[in-house]
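# What the coordinates show
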Amino acid sequence: MKFFLDTADVDAIRHWNETGLVDGVTTNPSLILKSGRDITEVLKEICDIVQGPVSGEVAATEYDAMLEEGRTLAKIADNICIKLPTTMDGIRACNVLTNEGEMVNMTLCFTANQALLAAKAGATFISPFIGRLDDIGLDGMELIEEIRAIYDNYVYDTEILAASIRTVNHVKDCALAGADVGTMPPSTIEQLVKHPLTDSGLEKFLADWKETGQSI
Ligand code: E4P
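Report on the accompanying structure. Quick caveat, the model's predicted, so the values are computed rather than measured. (Residues numbered from 1 in each chain as written. Predicted model: local features only at pLDDT ≥ 70, side-chain atom pairs only at ≥ 80, totals over all residues. Heavy atoms only, no water.)

### Observations regarding helix 5 (residues 88–99)
Counted only if it meets this: In DSSP terms, a helix is any run of H or I states spanning at least four residues, a strand is any run of E spanning at least two, and both are numbered starting from the N terminus. Given a helix with a known number of residues, its expected span is that number minus one, times 1.5 Å. Exposure classes here rest on a 1.4 Å probe applied to the protein chains alone. A residue is buried below 20% of its type maximum, exposed above 50%, and partly exposed in between. Here, the arc refers to the directions that run from the helix axis to the C-beta atoms. The contact rule is simple, with two residues in contact once any of their heavy atoms fall within 4.5 Å.
Along its twelve residues, helix 5 runs 17 Å from first to last C-alpha, staying within 8% of the 16 Å computed at 1.5 Å per residue. Among the residues of helix 5, those classed as buried are G90, I91, A93, C94, L97 and T98. Relative to the axis of helix 5, the buried residues are bounded by an arc of 165 degrees and lie together on one face. Of the residues in helix 5, the exposed ones pointing more than 90 degrees away from the buried face are M88 and N99. As for helix 5, its buried residues are in contact with helix 4 (63–74), strand 4 (80–85), strand 5 (103–109) and helix 6 (112–120). Backbone geometry just downstream of helix 5 places G101 in the positive-phi region, at approximately 95 degrees.

Below is the structure:
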């Protein structure tokens, strides 16, 4: 499963990119607001750091304006992926922009039917928001499983980009369900490697090693 960083924090992206674990980045208007940066400047900087797809989201909701904003974002760098909302205008714009050779990430997906439409429109990525479904008492992971089954039935190339990941269990369950990508905040990637038995085991090994008086 590919890992995308869900942040517009350039320092964090630079840090995590050095681990070799980062395959791309996703941003959205809320993350741009949090960064306090100009969208064009910050996306350009992120695209210079990370080789993989970097999603930048349009603010327009009408088809024509979405196309215009999408084409403007695409000029920032070759690895920009245009993020569009999964509405009918977004689906239409996705069709046009992917035919022009752009990468498109259809966002705010909450149903398997929305994901089916996105695949038919040639989307590069579909972003089901699992955490937000869990927030309202539904099962986000069930949506990932449904989309996986549908995409496999028809051999759609659209990649399932599990978004709104909140926990380490989300990451594991997405991988088990066959999501192609998980986008997660840096704090979640950090937690993936942690286990108290790893820490206590290492502490004991180091103490015993010291007692041997040896060096390597
Ligand atoms: C990423 O593409 C999404 O915008 C993001 O994962 C949404 O996460 P949230 O539901 O935690 O805001």
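### A look at helix 4
Across its twelve residues, helix 4 extends 16 Å between first and last C-alpha, which sits within 8% of the 16 Å expected from 1.5 Å per residue. Every buried residue belonging to helix 4 is among Y63, M66, L67, G70, L73 and A74, and all of these are buried. When helix 4 is viewed along its axis, its buried side chains cluster within an angular range of 130 degrees and face the same direction. Opposite its buried face, helix 4 presents the exposed residues D64, E68 and T72, each directed more than 90 degrees away. If you follow the buried residues of helix 4, they end up packed against helix 3 (39–49), strand 3 (54–57), strand 4 and helix 5.

### Describing the nonpolar core
Taken as a class, soluble globular proteins show a tendency for nonpolar side chains to be buried jointly. What counts is decided by this rule: Within this scheme, the nonpolar core is defined by two criteria: the residues are buried Ala, Val, Leu, Ile, Met, Phe, Trp, Tyr or Cys, and they are joined through side-chain atoms within 4.5 Å.
L84, M106 and I126 are the most contacted members of the largest nonpolar core, which has 60 residues in total. For this core, the element with the most residues is helix 8 (residues 140–154), which contributes six residues. Counting five residues, the second-largest nonpolar core is a separate cluster that includes C81, F125, L161 and V181.

### Considering the site of the ligand
As a reminder, the rule being used: The nearness test applies per residue and asks whether one of its heavy atoms lies within 4 Å of the molecule or strand. Counted as a polar contact is a pair of N or O atoms within 3.5 Å, where, for protein atoms, one must be capable of donating a hydrogen and the other of accepting one, and residues adjacent in sequence contribute only when both atoms are in side chains. Exposure was quantified through the Shrake-Rupley algorithm and a 1.4 Å probe, taking into account, for residues, occlusion by the shown protein chains and nothing else. All amino acids are sorted into three groups, where Ala, Val, Leu, Ile, Met, Phe, Trp, Tyr, Cys and Pro are nonpolar, Asp, Glu, Lys and Arg are charged, and the leftover types, Gly among them, are polar.
Every residue close to the ligand is listed here: D6, T26, N28, K83, F129, R132, A163, S164, R166 and T183. At 2.7 Å from an oxygen atom of the ligand is found a side-chain nitrogen or oxygen belonging to S164. Calculation on the ligand without its partners gives an accessible area of 340 Å², and the protein chains cover 84% of this total. Residue composition of the shell around the ligand, grouped by class: two nonpolar, four polar and four charged.

### Details of the sheet that holds strand 7 (residues 159–162)
For clarity, the cut-off: We treat two strands as partners when DSSP finds at least two bridges between them. Fitting a line to C-alpha atoms yields each axis, with helices limited to the stretch in contact; the angle taken between N-to-C directions then spans 0 to 180 degrees.
As summarised here, the arrangement of the eight strands in space is 1-2-3-4-5-6-7-8, forming a closed barrel in which the pairing is parallel. Each neighbouring strand pair of the sheet contributes to a mean axis angle of 30 degrees, computed without reference to strand direction. In terms of strand pairing, strand 4 meets strand 5 through five bridges, oriented parallel. Along strand 5, the bridge assignment pairs P85 with T107.

Scope: geometric values only; no functional claims are made or implied.
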